[in-house]
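Residue-level structure breakdown
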Amino acid sequence: MEGINNLGATCAINSFIQIICRCNYLRTIILNSQTDEKSFTNELKEILELMYNKNQSINPNKFINAFYRIFQGIFNPFEQIDINELLFYIYEKINDETSIFNPNLITNITNIHQEHDSKIALYNNNKISEISSLVQGSYINIIICSNCSNKSYSFEPFINITLDIIENNSIADLIISSMKDEYREQDDWKCDKCNINCSYIKTKKLWKMPKTLFITLNRFKDYDKKNLSQVYINDSLNFNSGSIMSNNNNYNYELSGISLHYGSLSGGHYTALCNITNDYYLYDDINVYKIKKEELLNPINCSSVYLLLYNHHHEY
């Protein structure tokens with residue numbers, strides 16, 4: 001199992017590459033991509049080919065040089081990188097380089113499903129890509145007027161679910177907590193139907209689930225202070241119809257990879273834990289260790305887990 005050399009504050013990049021490489025869905029999309037030789041997607045494709053086809057550690061000089069050239073002004077050499085920002089910018093870049101215009105626009109909207117598809121297409125500038133189809137999910141935000149009980153709703157895309165931390169809860173518990181109804185006192189909101197400025201109930205539910213689900217723990221809600229509370233890692237997640245789902249579908253996920261973060265944003269270190277055919281490996285830059293599944297619940301891991309990746313179960 002291949003490690004990756006740290007070239008100076010590149011542990012977040014190394015951790016993210018390991019997670020992508022060990023995810024069959026993401027790796028396949030990138031390896032099958034056809035983009036310009038100098039594109040970021042092609043640079044990532046080259047390093048994944050080396051990692052996947054050779055059983056040896058990687059010295060990523062070419063990729064790292066290209067990374068800082070392409071993301072100049074966003075990420076700078078030898079500076080600490082937040083892996084969540086890395087996820088966002090890498091997703092946006094691959095999506096931009098591989099997307100095509102979608103001519104199948106919905107012009108005659110007759111139901112909520114078509115309205116969802118139309119709004120998300122508009123958000124995506126009417127472009128589609130394999131990575132957006134794989135990674136992008138969506139919420140439905142619902143507001144219920146306390147005066148007339150009218151329901152209004154909007155749709156919101158996501159590429160990762162961000163969870164506030166409640167100590168000694170599991171990932172599954174935190175997802176459920178994040179979807180609870182919220183009562184709001186009168187503010188600047190006004191009901192579309194009764195036109196009254198009054199209290200309301202606001203709720204958020206999952207509408208469309210991606211095949212590859214990223215989850216972020218909000219350990220840096222206060223930028224200069226890290227929340228080190230333990231969060232128990234579920235090796236599988238089951239989303240069933242009910243309080244957090246807006247439809248009757250069931251979604252089952254298996255844990256694929258975790259980015260662990262130690263220290264602070266200004267002086268931290270990242271490693272990656274990856275599930276490879278139900279064996280777990282810890283990737284600490286160039287060093288690779290096989291660990292037992294039970295180690296997922298090690299207090300150190302539970303207080304360091306930061307970014308998780310789950311895959312729809314039929315990958316296994």
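Below: a short report on this structure. What you see is a predicted model, and the numbers here were worked out from it, not measured in a lab.

Notes on the side chain of asparagine 95
If you trace the backbone, asparagine 95 turns up in helix H5 (residues 83–98). Judged by its relative accessible area of 17%, asparagine 95 is buried. With residues up to four places along the chain from it excluded, the contact list for asparagine 95 reads Ser129, Ile131 and Ser132.

Section: the packing of aromatic side chains
Applying the stated criterion to the full structure yields 18 aromatic pairs. Seen from their ring centres, tyrosine 139 and phenylalanine 158 are 4.6 Å apart, and the 35° between their planes marks the pair as tilted. On the criterion of sequence distance, the pair formed by tyrosine 139 in strand S3 (residues 137–145) and phenylalanine 158 in strand S4 (residues 151–158) is long-range, its members being 19 residues apart. Per residue, the accessibility class of tyrosine 139 equals that of phenylalanine 158, and both read buried. These aromatic residues form a ring-pair network of at least three members: Phe40, Phe63, Phe67, Tyr68, Phe71, Phe75, Phe88 and Tyr89.

Section: the pattern of salt bridges
This model, assessed by the stated rule, comprises eight salt bridges. Between arginine 184 and glutamate 182 there is a salt bridge, with the nearest N and O atoms lying 2.7 Å from each other. Taking relative accessible area as the criterion, arginine 184 reaches 26% and is therefore assigned partly exposed. Among the residues examined, glutamate 182 registers a relative accessible area of 37% and is labelled partly exposed. The partner of lysine 290 in a salt bridge is aspartate 279, with the nearest N and O atoms 3.7 Å apart. Note that lysine 290 is positioned in strand S15 (residues 287–291) and aspartate 279 in strand S14 (residues 279–284), a separation of 11 residues in sequence. Look at aspartate 279 and you get partly exposed, because its relative accessible area is 30%.

Let's talk about the packing of helix H3 (residues 40–53) against H5
Axis separation between H3 and H5 bottoms out at 8 Å; the angle between their running directions is 110°. In terms of their interaxial angle, H3 and H5 are classed as roughly perpendicular. Counting all contacts with H3, which are made through Phe40, Thr41 and Leu44, the residues of H5 involved are Ile90, Lys93, Ile94, Glu97 and Thr98. Split by residue class, the contact of H3 with H5 holds four nonpolar, two polar and two charged.

A look at the pairing of strand S13 (residues 269–276)
Most of S13 sits inside the fold, with seven of its eight residues counted as buried. With six bridges connecting them, strand S12 (residues 251–262) and S13 associate as antiparallel partners. Paired with glycine 257 across the two strands is cysteine 274, which belongs to S13. Where S13 meets S14, five bridges bridge the pair, whose relative direction is antiparallel. Among the inter-strand pairings, isoleucine 276 is bridged to a residue of S14, identified as aspartate 279. If you look at the hairpin formed by S13 and S14, you'll find two residues sitting between the two strands, and threonine 277 has a positive phi there, around 45°.

A short note on the environment of asparagine 227
Relative to the helices and strands, asparagine 227 is located in the loop between strand S9 (212–217) and strand S10 (231–232). Overall, the relative accessible area of 26% leaves asparagine 227 in the partly exposed class. Between the alpha carbons of asparagine 227 and threonine 107 there is a distance of 47 Å; along the sequence they are 120 residues apart. Sequence-distant contacts of asparagine 227, defined by excluding residues within four places in its chain, comprise Ile165 and Arg219.

A look at the environment of arginine 27
As for its position among the elements, arginine 27 is in helix H2 (residues 24–31). The spatial distance from the C-alpha of arginine 27 to the C-alpha of glutamate 49 is 9.2 Å, given a sequence separation of 22 residues. When sequence neighbours within four positions are dropped, the list of residues in contact with arginine 27 reads Ile20, Cys21, Arg22, Leu48 and Tyr52. Looking at arginine 27, its side chain comes within polar contact range of the side chain of asparagine 24, at 2.7 Å.

Observations regarding the sheet that holds S4
Taken together, four strands build an open sheet; the order of strands is S4-S3-S8-S7 and the sheet is antiparallel. With partners counted over all chains shown, the strands left at the sheet margins are S4 and strand S7 (182–184), one partner each. Each adjacent strand pair in this sheet contributes to an overall mean axis angle of 25°, direction not counted. With eight bridges joining them, S3 and S4 adopt antiparallel strand pairing. Counterpart to isoleucine 143 in the pairing with S4 is serine 152. Against the sheet, helix H6 (residues 112–123) touches S3, S4 and strand S8 (200–208), its axis set at about 45° to S4.

Procedures and definitions
Residues numbered from 1 in each chain as written. Predicted model: local features only at pLDDT ≥ 70, side-chain atom pairs only at ≥ 80, totals over all residues. Heavy atoms only, no water. Helix = DSSP H or I, 4+ residues; strand = E, 2+ residues; numbered from the N terminus. Buried < 20%, exposed > 50% of the residue type's maximum accessible area, 1.4 Å probe, protein only. Contact = heavy atoms within 4.5 Å. Phe/Tyr/Trp six-rings, centres within 6.5 Å; stacked < 30°, edge-to-face > 60°. Salt bridge = Lys/Arg side-chain N within 4 Å of Asp/Glu carboxyl O. Axes fitted to C-alpha atoms, helices over the stretch in contact; angles between N-to-C directions. Parallel < 35°, antiparallel > 145°, perpendicular 65-115°, else oblique. Nonpolar A, V, L, I, M, F, W, Y, C, P; charged D, E, K, R; others polar. Pairing = 2+ DSSP bridges. Polar contact = N/O pair within 3.5 Å; in protein donor to acceptor, adjacent residues only side chain to side chain.

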